[in-house]
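What the coordinates show
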Amino acid sequence: MAKISINLATGSLQKEEIIVGIDLGTTNSLVAFIDPDKHPKVINDMGKGVLVPSIVHFGPAGEISVGNEAKNFLLTDPQNTIFSVKRLLGRSYHDIENHKDFFSYKVIDDNSESLVKIKVGEQFYTPIELSGLILKELKERAEHALKTPVNRAVVTVPAYFNDSQRQATRDAGKLAGLDVMRIVNEPTAASLAYGIGLDPSETKTIAVYDLGGGTFDVSILQIQNGIFEVLATNGDTFLGGDDFDRAILDYWIQKNNLNREELLQNRELAQELRLLAEKAKIAFSHQSLFNEKVGEIWCTIDRHTFEELILPKVEKTIESCRNALKDAGMQVTEIDEVVMVGGSTRTELVKKMVSEFFGRKLHDEVNPDEVVALGAAIQADILAGNRSDILLLDVTPLSLGIETMGGLMDVIIPRNSKIPTKAGRQYTTSIDGQINMKIAVYQGERDLIKENRKLAEFDLKGIPAMPAGFPKVDINFLLNADGILKIQAIELRSGVKQEVEVKPAYGITDDVVEQMLMDSITHAKDDVAQRMLIEARTEGEQMVYTVEGFIKKNSSWLGIAEISDTTKLVQALKDSLGSGDKDQIHKAIDELNDFTRPFAERLMDQAIGQAMKGKSVEKPDQD
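Looking at an unreviewed UniProt entry, the chain carries the name Heat shock protein 70, with the source organism given as Mucilaginibacter paludis DSM 18603.

Moving on to the overall build of the chain. In terms of regular secondary structure, the chain is built from 16 helices and 28 strands. The C-alpha atoms of the chain give 27 Å as radius of gyration, which agrees with the globular expectation for 623 residues (25 Å, within 12%). Principal-axis analysis of the C-alpha atoms gives the chain an extent of 70 × 70 × 65 Å. Long-range pairs, those at least 24 residues apart, make up 63% of the contacts in the chain between residues at least 6 apart in sequence. Of the roughly 30000 Å² that the chain leaves accessible, carbon and sulfur atoms contribute 51%.

Glancing now at the packing of helix α6 (residues 186-193) against helix α12 (residues 371-383). Helix packing geometry: the angle between the two helix axes and the distance between the axes. Running from amino to carboxyl end, α6 crosses α12 at an angle of 80°, the nearest separation of the two axes being 7 Å. Viewed along their axes, α6 and α12 adopt a mutual orientation that is roughly perpendicular. Two secondary-structure elements touch here, α6 through Glu186, Ala189, Ala190, Leu192 and Ala193 and α12 through Val371, Val372, Leu374, Gly375, Ala376, Ile378 and Gln379. Here the contact of α6 with α12 is built from residues that sort into nine nonpolar, two polar and one charged.

In total, this model carries 34 salt bridges according to the counting rule given. Aspartate 35 is the partner of lysine 41 in a salt bridge, and the nearest nitrogen-oxygen pair spans 3.4 Å. For lysine 41, a relative accessible area of 44% corresponds to the partly exposed category. Linking glutamate 539 and lysine 117 is a salt bridge whose minimum nitrogen-to-oxygen distance equals 3.2 Å. Within this pair, whereas glutamate 539 is found in helix α14 (residues 524-554), its partner lysine 117 is found in the loop between β10 (106-107) and β11 (118-120), the two being separated by 422 residues in sequence. On the accessibility criterion, lysine 117 (7% relative accessible area) is buried. Salt bridges sharing common partners tie together Arg152, Asp179, Arg415 and Glu514.

It is worth spelling out the sheet that holds strand β22 (residues 408-413) at this point. What the four strands build is an open sheet, ordered β22-β21-β24-β25; its pairing is antiparallel. Every other strand in the sheet has two partners, leaving β22 and β25 (453-460) as the edge strands with one partner each. Each adjacent strand pair in this sheet contributes to an overall mean axis angle of 30°, direction not counted. Where strand β21 (residues 400-404) lies against β22, five bridges are found, and the strand directions are antiparallel. Within β22, the position partnered with leucine 400 by the bridge is isoleucine 413.

This part takes up the pairing of strand β26 (residues 473-479). Along β26, five of the seven residues are buried, which leaves the element largely enclosed by surrounding structure. Of the strand pairs in this sheet, β26 and strand β27 (residues 485-491) are connected by seven bridges, and their pairing is antiparallel. Across the sheet, isoleucine 475 pairs through a bridge with alanine 489, a residue of β27. Between the end of β26 and the start of β27, which pair antiparallel, lie five residues, with glycine 483 showing a positive phi angle near 80°.

Read from one edge to the other, the open sheet built from three strands follows the order β10-β11-β12, with strand pairing classed as antiparallel. One side of each edge strand has no neighbouring strand; the edge strands of this open sheet are β10 and β12 (123-125). In terms of strand pairing, β11 meets β12 through three bridges, oriented antiparallel. Residue pairing in the sheet places lysine 119 in a bridge with phenylalanine 124 of β12. Strand contacts of helix α4 (residues 127-146): β11 and β12, with the helix running at about 75° to β12, the strand carrying the most contacts.

With that out of the way, let us pick up helix α11 (residues 348-358). Of the residues making up α11, those classed as buried are Leu349, Val350, Met353, Val354, Phe357 and Phe358. One face of α11 carries all of its buried residues, which in axial projection span an arc of 145°. Against the buried residues of α11 lie β15 (204-211), α7 (241-255), α10 (303-328) and β20 (337-341). Downstream of α11 by a residue or two, glycine 359 has a phi angle that is positive, lying close to 65°.

Right, let's talk about the packing of α4 against helix α5 (residues 163-175) for a bit. The geometry of α4 relative to α5 is characterised by a closest axis approach of 8 Å and an angle of 55° between their N-to-C directions. One element, α4, and the other, α5, form an angle in the oblique class. When the axes of α4 and α5 are compared, the crossing they make is right-handed. Together, Ile128, Glu129, Ser131, Gly132 and Leu135 of α4 and Ala168, Thr169, Asp171, Ala172, Gly173 and Leu175 of α5 make up the contact between the two elements. For the contact of α4 with α5, the class distribution of residues is five nonpolar, four polar and two charged.

In this model, the chain carries a mean pLDDT of 87, and residues with pLDDT of at least 70 account for 92%. Throughout residues 1-15 the model reports pLDDT below 50, and contacts reaching past four residues in sequence, or to other chains, amount to 21 contacts. Note on residues 615-623: pLDDT under 50 across the span, and four contacts to partners over four residues away in sequence or across chains.

Before going further, it helps to spend a moment on the nonpolar core. If you look at the biggest cluster of nonpolar residues, it comprises 45 residues, and the most contacted ones within it are Val20, Ile22, Ile82, Leu88, Tyr105, Val107 and Leu135. Here this core takes seven residues from α4, the largest share from any one element. In contact with tyrosine 105, other than residues within four places in its own chain, are Pro78, Gln79, Thr81, Ile82, Phe83, Ser84, Val85, Leu88 and Ile118. Phe216, Tyr251, Ile301 and Ile318 belong to the second largest nonpolar core, which has 44 residues in total.

What follows is about the environment of glutamate 535. On the secondary structure map, glutamate 535 appears in helix α14. Along the primary structure glutamate 535 and lysine 582 are separated by 47 residues, whereas in three dimensions their C-alpha atoms are 8.6 Å apart.

Burial runs high along strand β4 (residues 28-34): six of the seven residues are buried. Examined bridge by bridge, strand β3 (residues 19-23) and β4 share three bridges and lie antiparallel to one another. Each bridged residue has a counterpart across the sheet, and for isoleucine 22 the counterpart in β4 is valine 31. As paired strands, β4 and strand β6 (residues 52-53) are joined by two bridges and run antiparallel to one another. Residue pairing across strands places asparagine 28 opposite proline 53, the latter belonging to β6.

Frequently, the measure chosen for interface size is the accessible area removed from exposure when the parts meet. Annotation of the chain at the domain level lists domain 1 (19-241 + 308-395), domain 2 (242-307), domain 3 (398-508) and domain 4 (514-609). For domain 3 and domain 4, the distance between their C-alpha centres works out to 26 Å. Listed per partner, the contact involves 17 residues of domain 3 and 14 residues of domain 4. For the pair domain 3 and domain 4, the summed buried area comes to about 1400 Å², and 60% of that belongs to carbon and sulfur atoms. The largest per-residue losses of area from domain 3 upon contact with domain 4 belong to Leu408, Arg446 and Asp447, which jointly make up 39% of the total buried on that side. On inspection of domain 3 and its partner domain 4, the count reaches two salt bridges. At the junction of domain 3 with domain 4, the criterion picks out five residue pairs in polar contact (both at pLDDT 80 or more). Residues belonging to the side of domain 3 that touches domain 4 are distributed by class as follows: seven nonpolar, four polar and six charged.

Scoring rules and cut-offs
- Residues numbered from 1 in each chain as written.
- Predicted model: local features only at pLDDT ≥ 70, side-chain atom pairs only at ≥ 80, totals over all residues.
- Heavy atoms only, no water.
- Helix = DSSP H or I, 4+ residues; strand = E, 2+ residues; numbered from the N terminus.
- Rg over C-alpha atoms; globule rule 2.2 N^0.38 Å.
- Contact = heavy atoms within 4.5 Å.
- Areas by Shrake-Rupley, 256 points an atom, 1.4 Å probe, with all protein chains shown as cover.
- Axes fitted to C-alpha atoms, helices over the stretch in contact; angles between N-to-C directions.
- Parallel < 35°, antiparallel > 145°, perpendicular 65-115°, else oblique.
- Nonpolar A, V, L, I, M, F, W, Y, C, P; charged D, E, K, R; others polar.
- Salt bridge = Lys/Arg side-chain N within 4 Å of Asp/Glu carboxyl O.
- Buried < 20%, exposed > 50% of the residue type's maximum accessible area, 1.4 Å probe, protein only.
- Pairing = 2+ DSSP bridges.
- Arc of directions from axis to C-beta.
- Left-handed = near helix turned anticlockwise from the far one by under 90°.
- pLDDT = per-residue confidence, 0-100.
- Core = buried A, V, L, I, M, F, W, Y, C linked by side-chain atoms within 4.5 Å.
- Domains from an automatic or database assignment.
- Buried area = accessible area lost by both parts, 1.4 Å probe.
- Polar contact = N/O pair within 3.5 Å; in protein donor to acceptor, adjacent residues only side chain to side chain.

Structural data, given as structure tokens:
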């Protein structure tokens, strides 16, 4: 007996399950789909609104709320309310240390290149887990509204996201129970929503100006034969509509002679004024004066004053447009279309200045909050094979990657990547004096290599003996149009090189591919839990190795109490490694790191001081 899917929301028969488009945003996220009339539509589930705030709150009893409900806790329980998690995806602490004051929750500083963690109470979360919770909320809203299971999605990311950030987004999707069919650049999705790039015979150069709540970027894209190429991207990841609200708030504080510190301590009043500032900003799209009262505080501002306040910020975005064009090697006259994205582009001054800069009419007809999600839904429809006018290029059926410490799979070419393609990642050694590196290549979707299919293994020999972390080994994957994978490893300091070729799809059927994919979704939670435990153990072992080496080398510079207490903390970390509890391991790492940092910095200062006096500065040889 044949099974037929019926969409209860529309009453229509479904050939295939729905593939949704998701805009996972810094401030807000949303989900869209293609309706039976072939129109892209955003989902507004149970009247909660189209936009889902990208916020997660952890309650005292472990209860988790996402979106609108979580937003209420931003002021009342900031240390347990996580916002702007997208900024942390695939990032190390070094990447965000200059902006750590921006976050009201604890971002763990382990002073290393490893990915950041967020501490809530006694638990440690990765940005992948937190983004997974937001995606899960979007998936559930879509399922509730469409009355049908939603298991596949296209998810958008900024054009400047690197491989690590894109893979982190895929992992978050998997954790939410979604097969992420494709990661699409936000500017590409916005262009698709306007129908730009759907005609394969068309060649165009477009600028996408994206001003959201907390971030700004501009991308210059070239479209040929339906293929989008990002020529340049520029922007500011800490500039957005929130700055416009803040400018109004600061103006009211100054006009009413309010004490800023006292005001910010009165959370309810501060929140009320912030919300009113946002209301004023929105009102200026259809009125020229805003005049309301909060308690005894008069909140009055006119559009002209507002535009004067935000002018420096808007000028900054125009400067980014100028830089992006310069990087792309183009003149402003070569831009064929300008697409506006992000809620803050509704501001009249923004539209006026962008239009004047590019010297043309802007595309702002589609709701700027929704345009990226709508474009993602169109891309999903293309992937579902529902658009006969668009040719789908060949894609790789399963992810390709290598084994890293602890038997984990590090993906280099994700599944569904268009072929031919190439991608690479940089690695280093974990032990002092290591001269060989084993490179094992795998295919599959699981986090542990033992669950995936081994394709090849080779040794990169002859790496010069250096301290751990010093060698730089580039591993590049090149997948050609015939499906032949060439793996190349090169140690950059010495030029030592090794290559191998394999055919990934050899002897693998569609059924096996489908089964491997289903297994990855089914076991996503267990896989992530296991991955995080292995990563915590690996990090802990590395920390033990580093600290013991440091103590041995610098014992004469340290006090007896410092050595004794450090040794106790190292032992506590060693004991935690066998516990099977990643939170306990992270806690022990955190305590050891916090304790040793002050005297590590002290020794560093002393070493620099000695060098500055010339005591350890050797005179270079004269030729």
